Amino acid sequence: MRLWFLLRHLLCVVFSLPNAMHAETVLPPECVPGGHLVLQNPYRSTTFSSSSLQQSELQDFICDHSLTPGWYQFQIFDKRASMPTQCVEVNHCGTQAPVWLSLDDGQTLPGLLEVRQLRACAAWQIFQSNSKDCCMFRIPITVRNCGDFYVYLLQPTPGCMGYCAQEMSETLPTMSPLCGPDEVNVGGVCKTKQPPASSVPVIVSEVKGNTVHLKCSFDSSSSSSLGYVVTWSRLSPEGRKEELRQETTIHTSAFIELDGFNLRLGSKIYCSSSSFLLESPDNWSTPVESQEFLAGIKLKPEVSRVSEAGRRYELLVESTVPVPCPDGSFSSAEKCVLSLQLSTSSQDEDLLGADLSLSSCKADLSQGPCSDGVCSRDLIHFSPNMNFIKEGERTSYISVNPIITQNFLWNGYSPEPVQINVKEVPPAYCYYFTDPHIITFDGRYYENYQIGTFVLYKSNLWPFEVHVRQWECGSLVHAASCVCGFVARDGGDVIAFDMCNGEMRETKPHLSVKSRHRSKSSIQISESYQGRKVTITFSSGAFVRADVSNWGMSLTLRAPSSDQNHTEGLCGTYDGQPDNDFHSAGGATLDLLQDFISEWRLPAGSSLFDSVPAHVNTPSIHRYCSCQADHVKSSPISGSPQISSDSTCTNHRPVHFRSFIPSLDVTAEYIRSVELQKGNERQQLTLGRLHRRFQSTDMQGTSTGATSSSAQHQTLSSSDLKSFSYFFPEDHESSVEPGPPLEWPTPSGLTQQQAQAQCEQTVENSSIAVGCRLLLEDSIIGRAVAMCVADLQLKDELSWLNATLPLLENECERKLVQEQRRREEHRDAVSILRCPNLCNWNGQCSDWGCVCFPGFSSYDCSQQTDQIPEITKLMTEGLCNVRQEDCSTIQVFGQGFEDSSQLMCEFVEEKIEDGEWVMVAPQFVQATFQNDTGLECRLPVEDNRAPADMDLETMTNRAVTRWQIKVSNDGYSYSNAKILTLYDGACQICSLDTEIICTLRDKTCIIGGLCYSEGESSPSSPCFTCRPDLSKNTWMKAEKNEPPLFQPPQIALPPRPLPLLTFSFSPANV
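Rules and cut-offs
- Residues numbered from 1 in each chain as written.
- Predicted model: local features only at pLDDT ≥ 70, side-chain atom pairs only at ≥ 80, totals over all residues.
- Heavy atoms only, no water.
- Axes fitted to C-alpha atoms, helices over the stretch in contact; angles between N-to-C directions.
- Helix = DSSP H or I, 4+ residues; strand = E, 2+ residues; numbered from the N terminus.
- Parallel < 35°, antiparallel > 145°, perpendicular 65-115°, else oblique.
- Left-handed = near helix turned anticlockwise from the far one by under 90°.
- Contact = heavy atoms within 4.5 Å.
- Nonpolar A, V, L, I, M, F, W, Y, C, P; charged D, E, K, R; others polar.
- Buried < 20%, exposed > 50% of the residue type's maximum accessible area, 1.4 Å probe, protein only.
- Pairing = 2+ DSSP bridges.
- Phe/Tyr/Trp six-rings, centres within 6.5 Å; stacked < 30°, edge-to-face > 60°.
- Lys NZ or Arg CZ within 6 Å of the ring centre and 35° of its normal.
- Disulfide = S-S within 2.5 Å.
- Salt bridge = Lys/Arg side-chain N within 4 Å of Asp/Glu carboxyl O.

An unreviewed UniProt entry lists the protein chain under the name VWFD domain-containing protein, with Crenichthys baileyi as the source organism.

Novice: Where do I start with the packing of helix 5 (residues 752-764) against helix 7 (residues 778-795) in this structure?
Specialist: Packed helix pairs are specified by the crossing angle of their axes together with the interaxial distance, meaning the distance between the axes. Contact pair helix 5 / helix 7: the axes reach a minimum separation of 9 Å and the direction vectors enclose 135°. As far as their axial angle goes, helix 7 and helix 5 are oblique. Handedness of the helix 5/helix 7 crossing: right-handed. Contacts between helix 5 and helix 7 involve Ala755, Gln756, Cys759, Glu760, Val763 and Glu764 from the former and Ile781, Ala784, Val785, Cys788, Val789 and Leu792 from the latter. In the contact of helix 5 with helix 7, the residues fall into nine nonpolar, one polar and two charged.

Novice: Sorry if this is basic, but what is going on with the pairing of strand 17 (residues 268-277) here?
Specialist: Within a regular beta strand, the side chains point alternately toward one face of the sheet and then the other, so they alternate between its two faces. Across the 10 residues of strand 17, eight count as buried, placing the element largely inside the fold. Pairing between strand 14 (residues 226-235) and strand 17: nine bridges, direction antiparallel. For Thr231, the partnering residue across the bridge sits in strand 17 and is Ser272. Bridging between strand 17 and strand 20 (residues 293-294) involves two bridges; their strand directions are antiparallel. Of the residues in strand 20, the one forming a bridge with Ile269 is Phe293. Inspection of the sheet shows strand 17 paired to strand 19 (residues 288-289) by two bridges, in the antiparallel sense. Each bridged residue has a counterpart across the sheet, and for Ser273 the counterpart in strand 19 is Val288. In this sheet, strand 18 (residues 280-284) lies alongside strand 17 in antiparallel orientation, the contact comprising two bridges. Across the sheet, the residue bridging to Phe276 is Trp284, located in strand 18. Here strand 17 folds back onto strand 18 in antiparallel fashion, the turn holding two residues.

Novice: Can you help me understand the packing of aromatic side chains in this one?
Specialist: Pairs of aromatic rings are described using the distance from one ring centre to the other and the angle between the two planes. The full count for this structure, using the stated rule, is 23 aromatic pairs. Aromatic rings pair up to connect Phe441, Tyr457, Trp462, Phe464, Phe538 and Tyr574 into one cluster. Seen from the ring of Phe255, Lys208 lies directly overhead, with NZ or CZ sitting 3.7 Å from the centre. Here Arg558 stacks its cationic end above the ring of Phe543, 4.2 Å away from the centre of that ring.

Novice: Would you mind going over the state of the cysteines with me for this structure?
Specialist: For the structure shown, the criterion picks out 21 disulfides. Here Cys759 is linked by a disulfide to Cys788, with a sulfur-sulfur distance of 2.1 Å. One quick way to see it: the torsion about the S-S bond of Cys759 and Cys788 is about -80°, and its sign makes the bridge left-handed. Placement of Cys759 in helix 5 and of Cys788 in helix 7 is noted, with a sequence separation of 29 residues between them. The class for Cys759 is buried, based on a relative accessible area of 0%. Classification of Cys788 as buried rests on a relative accessible area of 0%. Here Cys835 pairs with Cys845 through a disulfide, and the sulfurs are 2.1 Å apart. Where Cys835 bonds to Cys845 through sulfur, the torsion about that S-S bond is close to 90°, and the disulfide is right-handed. Taken together, the residues Cys835 in the loop between helix 9 (827-834) and strand 48 (843-846) and Cys845 in strand 48 connect sequence positions 10 residues apart. Judged by relative accessible area, Cys835 falls into the buried class, the value being 0%.

Novice: Help me understand the pattern of salt bridges, please; the structure alone is not making it clear to me.
Specialist: Pairing is possible between side chains of opposite charge, provided their charged atoms come close. One pass over the structure, following the stated rule, counts 26 salt bridges. Where Glu89 meets Lys132, a salt bridge forms, and the shortest distance between an N and an O atom there is 2.7 Å. Of the two residues, Glu89 is situated in the loop between strand 3 (79-82) and strand 4 (98-102) and Lys132 in strand 6 (residues 132-145); the sequence distance between them amounts to 43 residues. Look at Glu89 and you get partly exposed, because its relative accessible area is 43%. On the basis of relative accessible area, Lys132 is assigned to the partly exposed category, the value being 36%.

Novice: Where do I start with the environment of Cys887 in this structure?
Specialist: Structurally, Cys887 is set in the loop between strand 53 (879-881) and strand 54 (889-895). With relative accessibility at 5%, the residue Cys887 sits in the buried group. Counting along the chain gives 12 residues from Cys887 to Met875, while the straight-line C-alpha distance between them is 9.8 Å. Contact partners of Cys887, with chain neighbours within four places excluded, come to Cys880, Asn881, Val882, Leu939 and Leu982.

So this is what it looks like as structure tokens:
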């Protein structure tokens, strides 16, 4: 004891010497003024919360990643400060990752004028977790005790981190004290040595019999005899941790049961462990806590924020707990599957519809061993729906319906839903109107007077393109062009809407579909306003709408947002920059309009009008299921997977376009009737007249309608289409050089002021412009007026006054779709689109269109039903060559035709009796309505040859067969008559003068009413031939009769002899 007493006093004297000699000691250079810099930002204080900087600019945060290496002193409000030696909470010290000074066991701060190499730590919170890591990053630091303050040799941090500071006590440690064998120096103070801490605990689930337990496991690197205190806790609904149980063990693991009462599925659970030396059970180490463990099912999306134009995204459905079998147990000889019913819900879903689709409304979790915290997993995909509504960003949820099972723990469990935000991305529209005036996707305006075939819109992101044909439709003075047809290709599907194969104002549009993948076709075809509007919608959200007139058609194209920056053609680039819309196929910007138009003109025979791509790489087919909560129902688990209902799933991405114009879906009549032919065989399209309902799409995308004779529709032409390819002479003509500027007045005397006044009166005062005044911008109305004035100047015909009104209709509907949330504010616009011209006051407006009063019909009730129709002409001027043309179906043109069940054609055949034409009894045939100016009549008989009893003289001076045709809307009142003349071009030459005159060709015979060429044998006997030099109406004996020839049999003879039968014709005169 005496020796120890002396030693203690001696050490105290030695330790006091530095203080006594302080004034005489030479300070290190870093301790003198100028030897260090001062960091005195008050935000560095450990008491300052960085959350107040979250809403400020990024530069307000303290980021020491650009700090100049060197010695620094800390000050807070001009008071000396030092780095803290305890872990600092994240989001403090003016930064998100605070840096503090870490002292290992036995380490202390340096004594007076001492310097030490220490280590600093940056605290960080793990992403999407409540747990933090106090030493996520480690930084070496040198500390010098300068007597009254510390200086630190700092270096730049590896990221946006900040060195922390705290106010210092009045005195600094002078020298490290000597501690006993069971003590450690902590900040210059001797404290009892702490037992070594365990590793971070990990929670996993295990099955014991028919119950599920959670296991908390940890490790210890100490060789000492240790015990452990394990504490279980859970997160309350209010976000507080509640202690469940605490136990002491000598094992490195502990268990707790998921009993369904204290711990249920869906609980967020933690476990922590503290170690102690067995000889000092009251001295615990600092507890180490596990990460949060969710007991149950997690929905883990690939991303939580997507755009409306986005792709398919992954959704992992994982269970951290073993799944039960159908009988509720956790063991079975068969493979057990837990089927979860998934559902989606979206913000304002009742008004705007669903925002998400899933690849399946069901996820299957199979029973199996747990690994890495996951006991079962299934992969589902989700996709944003396109609805073209101006909605900003909407919130949607993917949920799992409550589970129904015999297992007590799992029954009724409903996992926490996952939130997905869907951002709206508006599509782009291109307008191609009248002769034609073009507004590109990016809003650039120009005119294209060239004729031929052009690429209007092509996506370089996916196989979609639209080709358009333009024919001459100008006046006698000025050249101009109009669209007469288009062909759209979507992957392996090609659809054409075409009236170019004929003369303007005579042909009617034919719609034809050729699909290489009929079962995968995603085309939707709809008609509106009795066929005046035809809309073709594709799975991508693109559509082409044709507004049909007798001179051709105007087009409206929509490009989905997924095509942004990926389009080319006459509709422009869709990149928000109108200046580069004039571009080449290589993407270079062109300065001259004519160069741009010529760049996208297609050579003859190279367009989709002429041929279909031989090989198409069809994108992978995916499933898209509508899984709204009212579409899916919970079902008990079973041993076999259940497949989502086909009624809620499709192979095409949902595109919800809420049409306000009443439409009739006629897709089935075209897609299902397509007959695919191999090679170059022609395609035949056969349409039946189906019972159809006039329908309007409501706000949920469903159809409502009623069968009504007042709300009638047009059937698109049902004629068989001979081929996609035909001769289009405009493709072979050279480009037209721009002529001199047009001048006023026009040849008819129309002045610019008169044209402007008439167009303003027609366009600005139209019912569509007045009804949609709140939606239509002045610029679009002004553009329609300008187009109208240009049309009158170019065509000099007042019939073009209304040609641009469909542009306002389409634009009004587009705005209405975007402003779906404010629909109640635009009731007038909705009414005017449903009921054009408000039914002309001849009917009542309903949700599905005009319901006309008795005596009126048409989509706008503008036609009187008691009006007697008028035939103006027949196809080919009433003259038909049965050798070269299909004369069985007759095109009739006129006015006042109505689409009614009583629409009839009356046929009266004219025959020659006693040298005069005599009419036989009339025959009546149901007519096929096309529009109010055109219909089709089918001949009642197939007799298109001359009668046998017609004398040759009459036959050579008159026509072969004549039919008198009339039309009736009601079966009572009939129109004027027109004569149809059928002749055989092989025997006769017919011409049209004041009447049709036919003459017999040389070296032909007409025998039995049928035509034969010279030398042609009789069908009944080869011994008789046509010899017009002897007789033109009887068979004559052949001059040369050859002996019969033996024809060998067409099948191989059997090996044994059989009777051989030989047939022959006897020669004449034998």
